[in-house]
Amino acid sequence: MSIARVTEISATSPKSFDDAVAKGVERASETLRNVASAWVKEQSVKVENGKVAHYQVNLMVTFLLED
């Protein structure tokens, strides 16, 4: 039987939502062991001077607990 925990993180990127997700998962994997999945809870953009300055995602990251 596996037991998992879910934690929420926020990640940003000047490129795209996809890049923000990738950066968030990569960074979470540096700290959390056994990252199994992530889902995008929210996404938004920061606007400066009428243009998108950066993309932000809030991710729910699931990782498996060790026995």
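This report concerns the structure included in the present document. (Residues numbered from 1 in each chain as written. Predicted model: local features only at pLDDT ≥ 70, side-chain atom pairs only at ≥ 80, totals over all residues. Heavy atoms only, no water.)

Re the side chain of T62
Part 1 of the argument: Here T62 lies in strand β3 (residues 51-64).
Part 2 of the argument: On the basis of relative accessibility, which here comes to 16%, the residue T62 falls in the buried class.
Part 3 of the argument: Ignoring sequence-local partners within four residues, the contact set of T62 consists of A4, R5, V6, N34, V35, A36 and S37. (Helix = DSSP H or I, 4+ residues; strand = E, 2+ residues; numbered from the N terminus. Buried < 20%, exposed > 50% of the residue type's maximum accessible area, 1.4 Å probe, protein only. Contact = heavy atoms within 4.5 Å.)

Quick word on unusual backbone geometry
Trans peptide bonds make up most of the peptide bonds, and negative phi angles are found at most residues other than glycine.
Part 1 of the argument: Even without being a glycine, N34 presents a positive backbone phi close to 60 degrees.
Part 2 of the argument: Among the secondary structure elements, N34 is positioned in the loop between α1 (17-31) and β2 (35-48).
Part 3 of the argument: When its relative accessible area of 38% is taken as the criterion, N34 is described as partly exposed.
Part 4 of the argument: Even without a glycine there, the phi angle at N49 is positive, about 55 degrees.

Quick notes on the sheet that holds strand β1 (residues 4-13)
Part 1 of the argument: With respect to topology, 3 strands assemble into an open sheet ordered β1-β3-β2, the strand pairing being antiparallel. Two strands bound the open sheet, and with one partner strand each, they are β1 and β2. In this sheet, neighbouring strand axes are inclined to one another by 15 degrees on average, regardless of whether the strands run parallel or antiparallel.
Part 2 of the argument: Across 10 bridges, the pairing between β1 and β3 is antiparallel. Directly across from I9, in β3, lies its bridge partner L59.
Part 3 of the argument: Against the sheet, α1 makes contact with β1, β2 and β3, and its axis sits at roughly 40 degrees relative to β3, the strand it touches most. (Pairing = 2+ DSSP bridges. Axes fitted to C-alpha atoms, helices over the stretch in contact; angles between N-to-C directions.)

Considering the nonpolar core
Part 1 of the argument: Formed by A11, A20, A28, V57, L59 and V61, the largest nonpolar core amounts to 6 residues.
Part 2 of the argument: Broken down by secondary-structure element, the contributors of at least two residues to this core are α1 and β3.
Part 3 of the argument: Among the elements that make up this core, the one with the highest residue count is β3 (3 residues).
Part 4 of the argument: Excluding residues within four positions of it along the chain, A28 makes contact with I9, V35 and V61. (Core = buried A, V, L, I, M, F, W, Y, C linked by side-chain atoms within 4.5 Å.)

Points about the packing of aromatic side chains
Part 1 of the argument: By the definition in use, this model includes 1 aromatic pair.
Part 2 of the argument: Ring centres of F17 and Y55 lie 5.0 Å apart, and the angle between their planes is 75 degrees; this geometry places the pair in the edge-to-face category. Of this pair, F17 sits in helix α1 while Y55 is found in strand β3, placing the two residues 38 residues apart along the sequence.
Part 3 of the argument: Overall, the relative accessible area of 24% leaves F17 in the partly exposed class. (Phe/Tyr/Trp six-rings, centres within 6.5 Å; stacked < 30°, edge-to-face > 60°.)

By themselves, these figures tell us nothing about what the structure is for.
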